[in-house]
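Coordinate inspection notes
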Amino acid sequence: MKIALGSDHGGYKLKEVIKNHLSEKGFEISDFGTDSTDSCDYPHFAQAVGEEVAKGTYEKGILVCGTGVGISIAANKIPGVRCALVGDCFTAEATRQHNDSNVLALGARVIGDGLALQIVDIWLRTEYEGGRHQQRVDLITEIEKKYSKEV
Ligand code: RB5
């Protein structure tokens, strides 16, 4: 599975931890930055990763900022991205099963590295259930279509 990673300065260190963890497990990883703890703007990295996932170049994306909030809000502006901000294992599983989330957002200042890696592992191995959830995901896509305007 090809995975796109991105973070701002607040998420940089956790992004590196996740990159090493997933590389050791054999995942194909591309890192879209940032490359240091120097202050930067999270929407750039949300956009870079979100566009790749929306295009289908990468099956999934993982984004990290301080809280996970800003970077998830930005990613969810891209049609086709369903970004879930997750801070517990139950939600990591449920958002794959129910929402077919294709981007995971984490808050590096909120959760520790150990929990973050557990969340990543659960989220990556859990399949979407489809069925009754599909009509709800389709309704999200309808909202996107209504408000989408290519620039
Ligand atoms: C950066 O200081 C911080 O605002 C950012 O990492 C994130 O938490 C925004 O939602």
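A brief structural summary.

Thresholds applied
Going along each chain's sequence as written, the residues are numbered from 1 onward. Per-residue local features are limited, in this predicted model, to residues with pLDDT of at least 70; the limit for side-chain atom pairs, both in listing and counting, is 80 or more; totals at the level of whole chains, interfaces and linings are taken over all residues. For the side-chain quantities, the full set of heavy atoms in the structure was used; hydrogens and water were omitted. Strand pairing requires that DSSP identify at least two bridges connecting the strands. Only DSSP runs of H or I with at least four residues qualify as helices, and only runs of E with at least two residues qualify as strands; both kinds are numbered from the N terminus onward. Angles run from 0 to 180 degrees between N-to-C directions of axes, and those axes are lines fitted to C-alpha atoms, restricted for helices to the stretch in contact. Throughout, near means a residue has at least one heavy atom within 4 Å of the molecule or strand. Polar contact is defined as a pair of N or O atoms within 3.5 Å, subject to the rule that within protein one atom must be able to donate a hydrogen and the other to accept it, and that residues adjacent in sequence are counted only when both atoms are side-chain atoms. When residues are grouped by polarity, Ala, Val, Leu, Ile, Met, Phe, Trp, Tyr, Cys and Pro land in nonpolar, Asp, Glu, Lys and Arg in charged, and all others, Gly among them, in polar. The set of buried Ala, Val, Leu, Ile, Met, Phe, Trp, Tyr and Cys residues whose side-chain atoms join them within 4.5 Å is what this entry labels a nonpolar core. The classification of residues rests on relative accessible area computed with a 1.4 Å probe and restricted to protein chains. Under 20% of the type maximum is buried, over 50% is exposed, and intermediate values are partly exposed. By definition, a salt bridge exists where a carboxyl oxygen of Asp or Glu is found within 4 Å of a side-chain nitrogen of Lys or Arg.

**Considerations on the sheet that holds strand 2 (residues 28-31)**
Taken in spatial order, the five strands make up an open sheet running 2-1-3-5-4, and their pairing is parallel. Each of the sheet's edge strands pairs with one partner strand only, and the pair in question is strand 2 and strand 4 (83-85). Neighbour to neighbour, the strand axes of the sheet diverge by 20° on average, direction disregarded. One ladder, built from three bridges, connects strand 4 with strand 5 (residues 103-107); its direction is parallel. By the bridge assignment, L85 is partnered in strand 5 with A105.

**A closer look at the site of the ligand**
Lining the immediate environment of the ligand, one finds D8, H9, Y42, C65, G66, T67, G70 and R109. T67 is positioned such that a nitrogen or oxygen atom in its backbone is 2.9 Å from an oxygen atom of the ligand. Residue R109 places a side-chain N or O atom 3.3 Å away from an oxygen atom belonging to the ligand. Of the residues that constitute the shell around the ligand, the class distribution is two nonpolar, four polar and two charged.

**Things to note about the nonpolar core**
Grouped together as the largest cluster of nonpolar side chains are 21 residues, with contacts concentrated most on I18, L22, I62, L104, L106 and V120. Contributing elements (two or more residues each) for this core: strand 1 (2-7), helix 1 (12-24), strand 3 (60-65), strand 5 and helix 5 (113-125). Element by element, the count of residues in this core is highest for helix 5, at seven residues. Judged by nonpolar contacts, the second largest core, of 14 residues, contains Y58, C65, I71 and V103.

**Re the environment of L104**
Along the chain, the position of L104 falls in strand 5. The class of L104 is buried, set by a relative accessible area of 0%. Placed 41 residues apart in sequence, L104 and K145 show a C-alpha to C-alpha distance of 22 Å.

**Regarding the pattern of salt bridges**
Enumeration according to the criterion identifies ten salt bridges in this entry. In this structure, E16 and K19 form a salt bridge, with 3.2 Å as the shortest nitrogen-oxygen distance. With E16 and K19 both in helix 1 and three residues apart, the pair spans about one turn of that helix. With a shortest N-O distance of 2.9 Å, R96 and D100 are connected by a salt bridge. Ionic contacts of the salt-bridge type, sharing partners, join the residues K15, E16, K19 and D31 into one network.

**Focus on unusual backbone geometry**
Cis geometry marks the peptide bond from G33 to T34, where omega comes out at 5°. Topologically, T34 is positioned in the loop between strand 2 and helix 2 (42-55).

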